[in-house]
Amino acid sequence: MQKFSSFLAKASKSNCMLTFHSLGDLDAIASAYVFSRFCKSAKIVIPDHINAEARHFALQNALTLHSLADVQGEKFGLTILLDCSSAKLAVHMAGRKIDAIIDHHEPHADELFAPLKIVKEDASSTCEMLAFLLPAKKIDEKIAYALAAGIVSDSAHFRSASAKTFKAMHSLLQKCGCTYSQLLQACHVPTDISARTTTLQSFQRMQFENAGNYIIAWTITNAYESHAALSLLNIGADFSFVGHAGKKTARISARMDSSLSLPISMADIMREVAPLIGGSGGGHKYAAGASGDSPAKLNEALCACVRLTNKKLLALKDDGHVQKIEW
Ligand SMILES: [Mn+2]
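Throughout what follows, the structure given in this document is the object of discussion. Predicted model, so just to flag it, every value in this text is computed and none were measured.

Rules of the game
Residues numbered from 1 in each chain as written. Predicted model: local features only at pLDDT ≥ 70, side-chain atom pairs only at ≥ 80, totals over all residues. Helix = DSSP H or I, 4+ residues; strand = E, 2+ residues; numbered from the N terminus. Contact = placed C-beta atoms within 7 Å. Pairing = 2+ DSSP bridges. Axes fitted to C-alpha atoms, helices over the stretch in contact; angles between N-to-C directions. Core = buried A, V, L, I, M, F, W, Y, C linked by C-beta atoms within 7 Å. Buried ≥ 20, exposed ≤ 12 C-beta atoms within 10 Å, placed from the backbone.

Describing the overall build of the protein chain
The secondary structure content of the protein chain amounts to 11 helices and 12 strands. Overall, the C-alpha framework of the protein chain stretches about 65 × 45 × 40 Å when taken along its three principal axes. Counted over contacts in the protein chain with a minimum sequence separation of 6, partners at least 24 positions apart contribute 57%.

As structure tokens, this is what we get:
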């Protein structure tokens, strides 16, 4: 903490470069904005793209964002990397000296280092970390709003929140003088109409089957397959597989309802099925994907996803049947 406050004092006298991971999200951009308020002067540098939520926040706050090309050759007193400590996710940091890293992600195999490195894996977001690190009396209405927005977004509306997250939110909401629903409204970015249209079209081709008490749904879409896969869970599927066939490529997006605590991983299913579409797969337990170069095999691969999920569900009980839940 001592080290952080002396770093903050240094930042208040320096021209700082504030940056974050590739494909910046709301947590990343909000923490960069907040930190910029504590610097003498600062430039927020985006490595490549930022997502829709982050863009919305940048517009709302009239932030000036810089590309790497904009700041090429510019000398900064301090370089601060937020919401990231992986070299792979911050390739734009290659060859640059980083003065501070503030992050909440689990350690990567390709960890970056800095003289001041604060990582709290149990924090819901970098914004939550900043809410505790920054001097409370300097957190004004705009800073409080930014931190609260970053926390809500990165904690997936408090799904990954801890008691500390709520403690931070308690004082942030008080400071920004709005209710939780007003905050949600202000941060809300409607899903792109083409994503919604394409997803609804894919639902016209959707198929599903019951496996005991579970529902497996699958379909093929022209684009936005992860949006479609998530939407299938929202309308009642426990497992969803959405395929996309391009001219020379095929992709599958797989999701499992995150409230299920089954010993089944979507990443395993994607890894097993990927060779069918001539590629590789992986990801997380609840969200995974596969891609390859054999679009003609997409249907076959989707059927394999369903078969495999069924098989794994059947294997859950010794007698070979999916356990029936009696209420
Ligand atoms: Mn984050």
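Here the narrative resumes, following the displayed structure.
Structural notes on the sheet that holds strand β8 (residues 214–221)
Either a parallel or an antiparallel arrangement is found when strands of a sheet pair, and the pairing is made through backbone hydrogen bonds. Taken together, six strands build an open sheet; the order of strands is β7-β8-β9-β10-β12-β11 and the sheet is mixed. Among the strands making up the open sheet, the edge pair consists of β7 (207–211) and β11 (279–283). Across the sheet, the mean angle from the axis of one strand to that of its neighbour is 15°, orientation sign disregarded. As paired strands, β8 and strand β9 (residues 239–245) are joined by six bridges and run parallel to one another. Looking across to β9, one finds that I216 is bridged to F239. Strands in contact with helix α8 (residues 193–204) are β8 and β9; relative to β8, the strand with the most contacts, it is inclined by about 115°. Helix-sheet contacts for helix α10 (residues 266–273) involve β10 (250–256), β11 and β12 (287–292), and the interaxial angle to β11 is about 175°.

Remarks on the nonpolar core
The biggest cluster of nonpolar side chains holds 57 residues, and the ones touching the most others in it are L18, I29, A30, L81, L82, L147 and A148. Apart from residues no more than four positions distant in its own chain, L18 is found in contact with A32, F35, S36, A42, I44, V45, I80 and L82. Grouped together as the second largest cluster of nonpolar side chains are 31 residues, W218, A237, F239 and F241 included.

Details of the pairing of strand β5 (residues 100–103)
Alternating positions in β5 separate into two faces, A100 and I102 on one and I101 and D103 on the other, with burial throughout. In terms of strand pairing, strand β4 (residues 78–82) meets β5 through three bridges, oriented parallel. Paired with I80 across the strands is A100, a residue of β5.

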